[in-house]
Amino acid sequence: MRVLLIGGHGTIGKRVAERLSKKHELVIAGRNSGDVAMDISDGDAIRTTLSAVGQVDAFVCIAGEAKWAPFDELSEEDL
């Protein structure tokens, strides 16, 4: 299967990419790194990237922002 993995170079994404690449062809998309650039906060940018990537069998999105701190130091906004 050809899989578009969005966020595949992040902290968690690297592990997911390692696992998926054993059985699938991966195209990794990221804001700052990867096979293709993709800004998931911009609908037009997403459409442009998907057009450039072409046919895929599956999408996996593990992109996101997170504040890294001890749980008791996180505010509701952080979560």
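Here is a short report on the structure shown in this document. (Residues numbered from 1 in each chain as written. Predicted model: local features only at pLDDT ≥ 70, side-chain atom pairs only at ≥ 80, totals over all residues. Heavy atoms only, no water.)

**Overview of the pattern of salt bridges**
Alright, step 1. Counted by the stated rule, this structure contains 2 salt bridges.
Alright, step 2. For Glu 25, the salt bridge is made with Arg 2, and the minimal N-O distance between the two is 3.2 Å. Of the two residues, Glu 25 is situated in strand 2 (residues 25–30) and Arg 2 in strand 1 (residues 2–6); the sequence distance between them amounts to 23 residues.
Alright, step 3. In this structure, Arg 47 and Asp 44 form a salt bridge, with 2.9 Å as the shortest nitrogen-oxygen distance. Of this pair, Arg 47 and Asp 44 both sit in helix 2 (residues 43–53), 3 residues apart, which is roughly one turn of the helix. When sorted by exposure, Arg 47 lands in the same class as Asp 44, which is exposed. (Salt bridge = Lys/Arg side-chain N within 4 Å of Asp/Glu carboxyl O. Helix = DSSP H or I, 4+ residues; strand = E, 2+ residues; numbered from the N terminus. Buried < 20%, exposed > 50% of the residue type's maximum accessible area, 1.4 Å probe, protein only.)

**Side note on the nonpolar core**
Alright, step 1. The biggest cluster of nonpolar side chains holds 7 residues, and these are Leu 4, Ile 6, Val 27, Ala 29, Met 38, Val 53 and Val 56.
Alright, step 2. The set of elements that each furnish at least two residues to this core consists of strand 1 and strand 2.
Alright, step 3. When neighbours within four sequence positions are excluded, Val 27 is seen to be in contact with Arg 2, Val 3, Leu 4, Leu 5, Asp 35, Val 36 and Val 53.
Alright, step 4. By size, the runner-up hydrophobic cluster in this structure holds 6 residues, among which are Val 3, Leu 5, Leu 26 and Ala 58. (Core = buried A, V, L, I, M, F, W, Y, C linked by side-chain atoms within 4.5 Å. Contact = heavy atoms within 4.5 Å.)

**Observations concerning the pairing of strand 1**
Alright, step 1. Strand 1 sits mainly inside the fold: 4 of its 5 residues count as buried.
Alright, step 2. Each parallel crossover has a hand, and for strand 1 linked through helix 1 (residues 13–20) to strand 2 it is right-handed.
Alright, step 3. Bridge analysis of strand 1 against strand 4 (residues 58–61) gives 4 bridges, and the strand direction is parallel. Looking at the pairing, Leu 4 lines up with Phe 59 of strand 4. (Right-handed = clockwise from strand over helix to strand, strands pointing away. Pairing = 2+ DSSP bridges.)

**Digging into the sheet that holds strand 2**
Alright, step 1. One open sheet accounts for 4 strands, arranged 3-2-1-4; its pairing is parallel. Edge positions in the sheet fall to strand 3 (36–37) and strand 4, since each of these pairs with one other strand and no more.
Alright, step 2. Sitting on the sheet, helix 1 is in contact with strand 1, strand 2 and strand 4, with an inclination near 175 degrees to strand 1. (Axes fitted to C-alpha atoms, helices over the stretch in contact; angles between N-to-C directions.)

**As for the environment of Val 27**
Alright, step 1. For Val 27, the location among the structural elements is in strand 2.
Alright, step 2. Measuring from C-alpha to C-alpha, the distance between Val 27 and Val 3 comes to 6.1 Å, with 24 residues separating the pair along the chain.

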